[in-house]
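The chain contents come next:
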Amino acid sequence: MKRIFIIFLPLIVLFSYFLIKTYFKADDMEKVEKPFVVILLGPPGAGKGTHAVELSKKLGLPHISTGDLFRENLKNNTQLGQKAKAYMEKGNLVPDDVVLDMLFARVSKEDCKKGYILDGFPRTIAQAKALKGKLKDVDYIAINLQVEDEKLIERITNRIMCRSCGTPFHKIFLPPKEEGKCDKCGGELYQRDDDTEAVVKERLKVYHDQTEPLIEYYANEEKVLSNVDSRGAKDIVFNNLMDIIDKNIR
Ligand code: AP5
């Protein structure tokens, strides 16, 4: 009897391992005890918004885009929107204090209790440090989406977005099923004011100066940063993102 048990022991261990791994798969956040935050890093046009929308559905966590929050404020003509307008039009960053107040107010809402997906935040070392202070009892990872500048300009100048739900499409690579209409909610598709070639070039310059240093910042934190090649087909990039999340979720 003892011998049979010893022979089967490795099989039992292996079976238990796969059972636990399946049980804790990332698309079932109900079973994850600590809040889990995914930080999507990457230059403008790298695919942060595209993948954040899908990750949000798959993980059941809210997608928090600081760019979308500012655009929402602009649409509603709020004081915050007015403050951000001039910076956004020129492709510059909105000052840290404005961003931090807005972001922390949003993530303190009930729907963020189990975690959230950050798209476009942090964008400066000061923002990353402020975020770290808020993530004391939270598991978090940063995923850096990599695409070269030439491809980014092509992507952004051909992007069209839904006015209602913010889903991005691409005129050539990811066109909507029906022209001018969002596949997800039927909303109107439009081109962002800051998606002209001149503004995109400025946004890229700002990215390299102020946001790219975050890659090194997160690389210096143990087991936080992963890099993903975001030049391939959307589904392949998404599967690679999910693999990283699955490996990091506890
Ligand atoms: P924000 O809205 O965050 O813009 P961004 O960072 O410049 O990023 P984008 O939205 O342009 O790109 P993305 O990576 O989401 O790409 P997407 O998925 O759409 O910020 C706007 C402004 O707000 C800033 O300039 C700043 O002024 C202000 N702001 C925001 N946050 C701030 C902060 N924290 N601090 C200070 N200021 C802040 O993809 C792009 C295109 O490519 C789409 O057409 C998409 O369909 C296509 N695409 C994506 N993936 C693929 C693929 N795999 N294959 C083919 N096409 C693809």
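Look up: the structure comes first, before these words.
If you're wondering where the values come from, they're calculated on a predicted model, not measured in any experiment.

What counts and how
Residues numbered from 1 in each chain as written. Predicted model: local features only at pLDDT ≥ 70, side-chain atom pairs only at ≥ 80, totals over all residues. Near = placed C-beta within 6 Å. Helix = DSSP H or I, 4+ residues; strand = E, 2+ residues; numbered from the N terminus. Nonpolar A, V, L, I, M, F, W, Y, C, P; charged D, E, K, R; others polar. Pairing = 2+ DSSP bridges. Buried ≥ 20, exposed ≤ 12 C-beta atoms within 10 Å, placed from the backbone. Contact = placed C-beta atoms within 7 Å. Axes fitted to C-alpha atoms, helices over the stretch in contact; angles between N-to-C directions.

Draft legend 1. Focus on the site of the ligand. For the ligand, the set of nearby residues contains 37 residues, the closest of which are Pro44, Gly49, Gly67, Gly120 and Arg159. Within the residue set of the shell around the ligand, elements represented by two or more residues are helix 2 (48-59), helix 3 (66-75), helix 4 (79-90), helix 7 (149-157), strand 6 (168-170) and helix 10 (234-248). Here the residues of the shell around the ligand sort into 16 nonpolar, 14 polar and seven charged.

Draft legend 2. Examining the sheet that holds strand 5 (residues 159-162) more closely. Strand order in this open sheet of three strands is 6-5-7, and the pairing throughout is antiparallel. Whereas interior strands pair on both sides, the edge strands pair on one side only; in this sheet they are strand 6 and strand 7 (189-190).

Draft legend 3. Broad picture of the environment of Asn73. With respect to the element layout, Asn73 can be found in helix 3. The class for Asn73 is partly exposed, based on 18 C-beta atoms found within 10 Å. Taking the C-alpha atoms as reference, Asn73 lies 9.5 Å from Lys85; in sequence the two are 12 residues apart. Each residue touching Asn73, except ones within four places of it in the same chain, is listed here: Thr78, Leu80, Gly81 and Ala84.

Draft legend 4. How the structure looks around the sheet that holds strand 8 (residues 225-229). As summarised here, the arrangement of the five strands in space is 2-3-1-4-8, forming an open sheet in which the pairing is parallel. Every other strand in the sheet has two partners, leaving strand 2 (63-65) and strand 8 as the edge strands with one partner each. Here the strands of the sheet are splayed against their neighbours by 25° on average, with no regard to which way each runs. Pairing of strand 2 with strand 3 (residues 115-119), which is carried by three bridges, proceeds in the parallel orientation. The residue bridging Ser65 from the neighbouring strand is Asp119, located in strand 3.

Draft legend 5. The arrangement of unusual backbone geometry in detail. Here Phe121 and Pro122 are connected by a cis peptide whose omega angle stands at -5°. With respect to the helices, strands and loops of the structure, Pro122 is situated in the loop between strand 3 and helix 6 (125-134). Non-glycine residue Asn77 carries a positive phi angle of around 55°. Along the chain, Asn77 turns up in the loop between helix 3 and helix 4. In the Ramachandran plot, Lys223 falls in the positive-phi region, its phi being about 55° despite a non-glycine side chain. Owing to 8 C-beta atoms within 10 Å, Lys223 belongs among the exposed residues under this scheme.

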